[in-house]
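# Coordinate inspection notes
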Amino acid sequence: MNMKRIFSLILTIALAFCFTSCKGNYAQTDLKKPMTIPESGIIEKKILDEIKKENAIAVFEGNSNSIHYEWTIFGSDIKNTRDINLSIELTETDNGIKTVMNESSDFGFPLLLSIHLNEKWTEQNASAYNDGKAVYSVSVTGSKTTILNIPIDKVVSEFTIAPVTDSYSDSQPQTEKVYTEEDIIQTETVTSAERDEYLSGVNNSDNRIYSDGNATDQDKYKTDPVPEGKPMPVEPENQEINDDKAFTCTFSIECSTILNNLNDLEADKREIVPSNGIILSPTVVTFYEGESVFDVLQRVCKKNNIHMEASWTPVYNSAYVEGINNLYEFDCGNLSGWMYCVDGWYPNYGCSRYQLKDGETVEFRYTCDLGKDVSCDWMG
Amino acid sequence: MFILKFCLPSILVTSFINPAFNHEGQTILIYFSNGNPLTLESILYGISSGVMLVTILLWFVSLNRVMTSDKFIYLFGKIIPSLSLVLSMSLRFVPRFKAHMFSVAETQRCIGRDVSSGSLISRTKTAITILSASVTWALENAIETADSMKSRGYGLKGRTAFSIYRFEERDVYAVIWFGFCGLFLLAGNIVSAFGFRYFPNIRYAAFDITTIPFYCIYLGMCITPFIINAKEELKWKALYSKM
């Protein structure tokens, strides 16, 4: 019976030990509760140090003129810390949202500013400019009201965010330009100005079939009628790829909606979400005549070493993109997944059935709300 | 032999199957012909799930060896008499039926009805005869068993059952030890001391002073039956050599 006493003693000590001395040290990125930005706007150095040490994701929220804004900070991004001022002043003007930052010098690490507007913008793009010059890239998200996500690396004390009317090149008929091998250049980031300049020089013939909007029934792959003026799907088995004719398109992959819904995101995936929401910034990529969006996506991901998984879905006669950069469908709530839009339109058929044309802009965007938060309105 | 013949192949099969269907993971090794990546994480997860599957099988093999039907009846005979009887009878039924069928087949072979030779039709005929004989025997046997049990008053109130098990002091120690280990490991699980994830990248709890005790306790728990058996074996050997 002496043994029994020893055992119970060991048990008590051990349990006391393991409940007090160790906390979960399984490598996880913590998500902190949203913190309110104080009146002064100053976030102390020690708070940032703590976020950095715990490798956490922290959200600071505040209000200015009844516009709600949030700062998202990834502990893994923080390098040097000091007291920073996160308060901003937002005013609605005729030109857009005027933003004044109270911080004057650079933060020293990238942050994400999300501005929750009280209305819904119809435009899918916005730009942040100061003195007529674009200063930040802005991603427009939000289901009911618009949320503007702005990755901030350098501080610009005053800038205005305004919606950009979507103007894509597909309205004008264009003539064809054929590239030589040397022209098949490496992918590179371009500014919109460069792109426009480039597009004005390039034209291509238009042998694509457009929808007349008269169809009323689904086609045999369960696709609802394609809206008038939009390209009809081209079945992958009918796509003839001409390796001699190289074209270019602008390609981007982004998931900034996740940053507005971090609570729904699976804990294991927090680590791999890019802190600015951009997986691939707008890049000019080369493709060959007749290739579909999916072909290009596959090539771009391979080239840039981005993980991508897709599965062939015979019912829709198209590949279905399950996950990019290890962010899969349903990883951020039940309504989440990847969607693609070409020149601002979300095709209502799979990306293997969209034959690309020279100079088009393809965006792959992660949605957390069946497309509503990425300005796609026909789903759900 | 079981390990070589069954366990190793099943580990191999799962470690091949998983990466073929699962493409998650940050470390891309190569691409499949359909464009999906082969990732290091999915291979490792395949191996680990193969090992896990085999472990479960081994657990059940051990359970089968340790939990004989008399132990089962001893444990559950009072709480759920009919269910435990049905369970132990059906568990026993399979090996018994197999043995009986084998002996019927042997007997049939003696009178020239061999299942291993002859035309397909004659072989099928023989097999059907053997099967029908065995099934008839099994049914009859079940009725007889049920009658026999009924006449001996099984399941009636106040019926006692003899078993050679008693709750002794060493059982108290065992219960305390396993209870302690169980609680300790449960606590370890709560603080994720065994935390391990494969996707999207491999992350696991650090192997340091805060987690080593948990691993030690787990090893201790797993090795306890081995120690008990080895001790008994040694004791037996020692006694045997003295005789």
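Residues numbered from 1 in each chain as written. Chains lettered and ligands numbered in written order. Predicted model: local features only at pLDDT ≥ 70, side-chain atom pairs only at ≥ 80, totals over all residues. Heavy atoms only, no water.

Here the focus is the overall build of chain B. For chain B, the helix and strand inventory stands at seven helices and four strands. Taking 18 Å as the expected radius of gyration for a compact globule of 243 residues, we find that chain B reaches 26 Å, considerably beyond that expectation. The principal-axis extents of the C-alpha atoms in chain B amount to approximately 65 × 60 × 45 Å. Across the 243 residues in chain B, those meeting the buried criterion constitute 26%. Each charge sign in chain B was given a centre, from 23 positive and 14 negative side chains, and these centres are 5 Å apart. (Helix = DSSP H or I, 4+ residues; strand = E, 2+ residues; numbered from the N terminus. Rg over C-alpha atoms; globule rule 2.2 N^0.38 Å. Buried < 20%, exposed > 50% of the residue type's maximum accessible area, 1.4 Å probe, protein only. Lys, Arg positive; Asp, Glu negative; His and termini not counted. Charge placed at Lys NZ, Arg CZ, Asp CG, Glu CD.)

On a plain count of helices and strands, chain A comes out with five helices and 20 strands. Split into buried and exposed, the 380 residues of chain A put 51% on the buried side. Long-range pairs, those at least 24 residues apart, make up 70% of the contacts in chain A between residues at least 6 apart in sequence. Summed over its atoms, the accessible surface of chain A is roughly 18300 Å², and 49% of this surface lies on carbon and sulfur atoms. (Contact = heavy atoms within 4.5 Å. Areas by Shrake-Rupley, 256 points an atom, 1.4 Å probe, with all protein chains shown as cover.)

Residue and element names in this part refer to chain A. We note that the domain assignment places domain 1 (35-164) and domain 2 (169-374) within chain A. Tallying the contact residues gives 17 residues for domain 1 and 18 residues for domain 2. Summed over the three residues of domain 1 that lose the most area to domain 2, namely F74, Q124 and S143, the buried surface amounts to 33% of that side. For the pair domain 1 and domain 2, the number of links is zero salt bridges. Our count for the domain 1 to domain 2 interface comes out at eleven residue pairs in polar contact (both at pLDDT 80 or more). Elements with a minimum of two residues in the side of domain 1 that touches domain 2: strand 4 (67-74), strand 8 (111-116), strand 10 (133-141) and strand 11 (147-152). The element that contributes the greatest number of residues to the side of domain 1 that touches domain 2 is strand 10, accounting for four residues. Of the residues contributing to the side of domain 1 that touches domain 2, the split by class is six nonpolar, nine polar and two charged. (Domains from an automatic or database assignment. Buried area = accessible area lost by both parts, 1.4 Å probe. Salt bridge = Lys/Arg side-chain N within 4 Å of Asp/Glu carboxyl O. Polar contact = N/O pair within 3.5 Å; in protein donor to acceptor, adjacent residues only side chain to side chain. Nonpolar A, V, L, I, M, F, W, Y, C, P; charged D, E, K, R; others polar.)

Moving on: the packing of aromatic side chains. Considering all chains together, one arrives at 23 aromatic pairs over all chains under this definition. Geometrically, the ring pair formed by F180 of chain B and F184 of chain B is tilted, given 5.7 Å between the ring centres and 55 degrees between the ring planes. Of this pair, F180 of chain B and F184 of chain B both sit in helix 6 (residues 169-190), four residues apart, roughly one helical turn. The exposure class assigned to F180 of chain B is buried, which follows from its relative accessible area of 4%. Grouping aromatic residues by their ring pairs yields a cluster made of W177, F180, F184, F194, F207, F214 and Y215 of chain B. The positively charged end of K302 of chain A is found above the aromatic ring belonging to Y31 of chain B, 4.7 Å away from the centroid. (Phe/Tyr/Trp six-rings, centres within 6.5 Å; stacked < 30°, edge-to-face > 60°. Lys NZ or Arg CZ within 6 Å of the ring centre and 35° of its normal.)

Residue and element names in this part refer to chain A. What the three strands build is an open sheet, ordered 16-17-18; its pairing is antiparallel. Looking at the sheet topology across the chains shown, the edges are occupied by strand 16 (308-313) and strand 18 (327-328). Bridge analysis of strand 17 (residues 318-324) against strand 18 gives two bridges, and the strand direction is antiparallel. When the sheet's bridge partners are listed, G323 is paired in strand 18 with Y328. Sheet contacts for helix 5 (residues 293-303): strand 16 and strand 17; angle to strand 16, the most-contacted strand, approximately 155 degrees. (Pairing = 2+ DSSP bridges. Axes fitted to C-alpha atoms, helices over the stretch in contact; angles between N-to-C directions.)

Here we come to the sheet that holds strand 3 (residues 57-64) of chain A. Residue and element names in this part refer to chain A. With respect to topology, ten strands assemble into an open sheet ordered 1-3-4-8-11-10-9-12-7-6, the strand pairing being mixed. Two strands bound the open sheet, and with one partner strand each, they are strand 1 (35-36) and strand 6 (88-92). The pairing of strand 9 (residues 125-130) with strand 12 (residues 158-164) spans five bridges and is classified as antiparallel. Along strand 12, the bridge assignment pairs Y129 with T160.

Right, let's get into the packing of helix 3 (residues 69-76) of chain B against helix 4 (residues 81-110) of chain B. All names here are of chain B. Packing of helix 3 against helix 4 leaves a shortest axis separation of 9 Å and a crossing angle of 170 degrees. On the basis of their axis angle, the class for helix 3 and helix 4 is roughly antiparallel. Along the contact surface, helix 3 presents S69, F72, I73 and F76, while helix 4 presents P81, S84, L85, L87 and S88. (Parallel < 35°, antiparallel > 145°, perpendicular 65-115°, else oblique.)

This part is about the pairing of strand 17 of chain A. Residues and elements named next belong to chain A. Burial of strand 17 is extensive: six of the seven residues sit out of reach of the surface. Examined bridge by bridge, strand 16 and strand 17 share six bridges and lie antiparallel to one another. When the sheet's bridge partners are listed, A310 is paired in strand 17 with V321. In textbook terms, the turn of a hairpin is the stretch between consecutive antiparallel strands, and for strand 17 and strand 18 this stretch comprises two residues, one of which, N325, has a positive phi near 55 degrees.

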